[in-house]
Amino acid sequence: MKNHSIEKTLCLKLYITLTLYTLTGYALTLVADYVFSQQLSNAFFLWFYLRIDVIYFLYLVIGFLAIFHHYWKKPWGYLQETIDATKTVYQQDDRTIELSEPLKDIETQMNQIKMSILLNQQTIKEAENKKNELVMYLAHDIRTPLTSVIGYLSLLDEAPDMPLEQKQKYLGIALKRAERLKKLINEFFEITRYNTQQIKISKEHTDLYYLLIQLIDEFYPALSAKGNSAILCANENLSVYADPEKLARVFNNLLKNAVAYSYPNTEILISAMEEKENIVVTFKNNGKTIPSDKLSTVFELFNRLDDARKSDTGGAGLGLSIAAEIVHLHGGEITAQSEDDTTTLTVSLPLLS
């Protein structure tokens, strides 16, 4: 439609130009005919008077050729102008594209595309920087437990007559560090899987109460290690139409996050209930308040709070972003609140969909 509009505009301008040129030439011919007819005694004026029709014809031919040539070049000029403009769309600068008056609509669209590309490139760059920073952190964190494992195993190797109690102590420390090392390596694979696989869901009627009970049982070792406990408040007959495996992953990541950021010897409250046409599940833990500027990014890819790196439960920053994606695929919402040393993560899922 835009191209047709430009075409009609050019045609209209061409017709108007030809008409005005023809009328102007005709008017000049009439004036010249009158002037020359009054000077027939002059050989010069007589010569022009006798050939005025031929001169008018040549005027039309030359003028029409010039006009058609000008308007024939116009579309090609617009095309070249557009081609040149497309070369600047992908340039990473803040220069705006400027086109001729008939191409203003195209100019606006190109500037919008360029702005969108710049924003996408900035987002990709920020995500890449976060990922590189995370990989650097993980590489640093891997070196620490690996050094401990090598150190304690070297002590055991160098002192075969070491007392049994001391051997068991060193083996226990080495095993703990090896398990931490395994966890960090698994996080590297998690990053790779997240980038190469697309999450797909397969919904079915799921016993939500049993799913949450099973989750709490699986987290008992991690909870008891810090003296924490998880309390579930939900109806035993509560169910939801969702992908049970993916939903378990969501709640696993949320409870893992709650354990990581909870104060020792505190309770983690898990509640699930029906609200209108939704199932609302909340995870509430007592821990350091998350600043508002960081709270708004907790569901972003590769986001990881600094405190997580100081503990063995600190993850790769993928858990909450994966949870958010799964919830959104179910047509639900996930939110976070944190104040007065209490953090609440809330998942709202459609009861039926």
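Summary of the structure given here. Here, residues in each chain are numbered from 1, in the same order as that chain's written sequence. With pLDDT at 70 or above as the cut-off, local features in this predicted model cover only qualifying residues; side-chain atom pairs require 80 or more to be listed or tallied, and sums for whole chains, interfaces and linings still use all residues. Calculated side-chain values reflect all of the structure's heavy atoms, with hydrogen atoms and water omitted.

Below, the discussion takes up the pattern of salt bridges. Think of a salt bridge as a Lys or Arg side-chain nitrogen and an Asp or Glu carboxyl oxygen that are within 4 Å of each other. Applying the stated criterion across every chain, the model contains one salt bridge. Salt-bridge contacts for K246 lead to D243; the nearest nitrogen and oxygen are separated by 4.0 Å. Per residue, the accessibility class of K246 equals that of D243, and both read buried. Burial status follows relative accessibility: with a 1.4 Å probe on protein chains alone, a residue under 20% of its type maximum counts as buried, one over 50% as exposed, and anything between as partly exposed.

Below, the discussion takes up the sheet that holds strand β2 (residues 229-234). Any two strands between which DSSP finds at least two bridges are classified as paired. The numbering of helices and of strands both runs from the N terminus, where a helix is a DSSP run of H or I of at least 4 residues and a strand a run of E of at least 2. A sheet is described by the order of its strands in space; here five strands give the open sequence β2-β4-β5-β7-β6, paired in mixed fashion. Pairing within the sheet leaves two strands with one partner each, and these edge strands are β2 and β6 (333-339). On average, each strand axis in the sheet is tilted by 15 degrees relative to the strand beside it, whichever way the strands run. In the sheet, strand β5 (residues 278-286) pairs with strand β7 (residues 342-350) via nine bridges, with the strands oriented antiparallel. The angle between two axes is taken between their N-to-C directions and runs from 0 to 180 degrees, where each axis is a line fitted to C-alpha atoms and a helix contributes only its stretch in contact.

Core analysis: the largest hydrophobic core is formed by 38 residues, its most contacted members being L208, F251, L254 and F283. Of all the secondary structure elements, the ones that give two or more residues to this core are α6 (208-218), β3 (239-242), α8 (244-261), β4 (267-275), β5, α10 (319-329), β6 and β7. Sorting elements by how many residues they give to this core places α8 first, with seven residues. Whether two residues are in contact is decided by their heavy atoms, any of which lying within 4.5 Å being enough. When residues no more than four places from it in sequence are discounted, the contact partners of L254 are F283, L320, A323, I334, L345 and V347. One finds A85, I97, L103 and I117 within the second-largest nonpolar core, a separate group that totals eight residues. For this analysis, a nonpolar core means a set of buried residues of the types Ala, Val, Leu, Ile, Met, Phe, Trp, Tyr and Cys, connected via side-chain atoms within 4.5 Å.

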